[in-house]
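Residue strings, one per chain:
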Amino acid sequence: MNRITMLSSAEKVKGQGVASAYRELINLMTMHHADKYDMAINTYRKSEITHYHTIDFRFFLSTFAKKRRGVMVGYVHFLPETLDESLKLPWIAKKIFYKYVILFYKRMDVLVVVNPSFIPQLVAYGIPEEKIKYIPNFVSASTFYPMSIDEKRALRKKHGIAPDAFVAIGVGQVQHRKGVLDFIEVAKQLPEMQFIWAGGFSFGKITAGYKELKEIYDHPPANVQFPGIVERVDMNTYYNIADVLFLPSFNELFPMAILEGMSSGLSVLLRDLELYEGILAGNYIEASDVAGFKAQLERMATDGAYLEVAKEGAKKGAAYYSEARLTGLWQEFYDGLLKG
């Protein structure tokens, strides 16, 4: 049986999408491919394929023992420019770290990107396009699913939310890049609605805009809840409290939260970013600013038919990015590497 080794430290930092994507793939491999591949995690055994999920320096050093690593696969969840609006680092540390990121990617034999928009950017860094493969993120319907009406009512009661309230949920790290300030401003303009932001400061004080965001986090408007970093096992509960997933991010990769919300039966409202067009077209409602977000939420809250159309679009997205479809894609990918 061919050996695949997964190397990752993604789950050491809670509340980030990289960890969610890693866990979904591990679960998929365990449930669907245990009879095809001998999989191990965070060992340095000799393998036919070594899949790097994070860019730890100790993992980088392991790439020099190439005969033991086999085909080296790098999972690209971010690029240097996507980190600019997430972390606040001294300029010299930033310069060194960004160079290291690309150096790590160049050590790989194959790169898997979660968004096709990454491909030309990686090519611009000098990585051959033929070394890059696009395989989207996915979520399992057994983890994220719509609950019954009675279960949803019980959850709302537990969290102090009226059964007839219209609820919008945002998910992710509390960062400027995630559009948290716009999320709060929309909430202020819609005091009759309830808003929840599930997420916190995964990287503490080096988060860009930490001081300003921490003040809002500690003293939110009356109709906004910040439950903090929520364990992934509990996230389906939060999605089922809500009516719509509202993510006003300015810069994104391929948020796991979108797939989770879709799979949980929510409609999805996003900022009109170009990167969503190729991967989510027809599966979400969009707006470009606070006024647009406010108008869309008001319409969804008052027009049941419009809300249902939005939910149907999201449902189609959930089916396309389902575990069932991605199982075949990952097997095809790994088998292709093993065949050379």
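Anything mentioned here points back to the structure above.
One structure accompanies this document, and this report is about it. (Residues numbered from 1 in each chain as written. Predicted model: local features only at pLDDT ≥ 70, side-chain atom pairs only at ≥ 80, totals over all residues. Heavy atoms only, no water.)

### Notes on the overall build of the protein chain
1) Next: For the protein chain, the helix and strand inventory stands at 15 helices and twelve strands.
2) Next: A compact globule built from 340 residues would reach a C-alpha radius of gyration of about 20 Å, and the protein chain, at 20 Å, matches this within 12%.
3) Next: In terms of its C-alpha atoms, the protein chain occupies a principal-axis envelope of roughly 60 × 45 × 30 Å.
4) Next: Residue burial in the protein chain is summarised as follows: out of 340 residues, 54% are buried.
5) Next: Within the protein chain, contacts between residues at least 6 apart in sequence are counted, and of these 70% link residues at least 24 apart.
6) Next: When the accessible area of the protein chain is evaluated, it comes to approximately 15,200 Å², of which 56% is carbon and sulfur surface. (Helix = DSSP H or I, 4+ residues; strand = E, 2+ residues; numbered from the N terminus. Rg over C-alpha atoms; globule rule 2.2 N^0.38 Å. Buried < 20%, exposed > 50% of the residue type's maximum accessible area, 1.4 Å probe, protein only. Contact = heavy atoms within 4.5 Å. Areas by Shrake-Rupley, 256 points an atom, 1.4 Å probe, with all protein chains shown as cover.)

### So, the pairing of strand 7 (residues 167-171)
1) Next: Taken across its five residues, strand 7 has five buried, putting it largely inside the fold.
2) Next: Alternating positions in strand 7 separate into two faces, Val167, Ile169 and Val171 on one and Ala168 and Gly170 on the other, with burial throughout.
3) Next: Pairing of strand 7 with strand 8 (residues 194-198) involves five bridges; the strand directions are parallel. Within the sheet, the bridge partner assigned to Ile169 lies in strand 8 and is Ile196.
4) Next: Each parallel crossover has a hand, and the one from strand 7 via helix 8 (residues 180-189) to strand 8 is right-handed.
5) Next: Note: strand 7 against strand 10 (residues 244-247), two bridges, orientation parallel. Looking across to strand 10, one finds that Ala168 is bridged to Val244. (Pairing = 2+ DSSP bridges. Right-handed = clockwise from strand over helix to strand, strands pointing away.)

### Considering a nonpolar patch on the surface
1) Next: On the surface, Phe57, Leu61 and Phe64 cluster together into a nonpolar patch covering about 340 Å² of accessible area.
2) Next: Along the chain, Leu61 turns up in helix 2 (residues 57-62). (Patch = residues over 30% accessible without salt bridge, like charges linked within 9 Å, V, L, I, M, F, W, Y side chains within 5 Å. Salt bridge = Lys/Arg side-chain N within 4 Å of Asp/Glu carboxyl O.)

### Observations concerning the side chain of Arg232
1) Next: By the element assignment, Arg232 lies in helix 10 (residues 232-241).
2) Next: Not counting residues up to four positions away in its chain, the partners in contact with Arg232 are Ser20, Arg23, Glu24, Val139, Phe144, Met256 and Glu260.

### Observations concerning the sheet that holds strand 5 (residues 110-113)
1) Next: The six strands lie next to each other as 2-1-3-4-5-6, forming an open sheet whose pairing is parallel. Edge strands, defined here as strands with exactly one partner in the open sheet, are strand 2 (37-41) and strand 6 (132-134). Each neighbouring strand pair of the sheet contributes to a mean axis angle of 25 degrees, computed without reference to strand direction.
2) Next: Judged from the four bridges that link them, strand 4 (residues 71-76) and strand 5 form a sheet pairing that is parallel. Counted as the bridge partner of Gly74 is Leu111 from strand 5. (Axes fitted to C-alpha atoms, helices over the stretch in contact; angles between N-to-C directions.)

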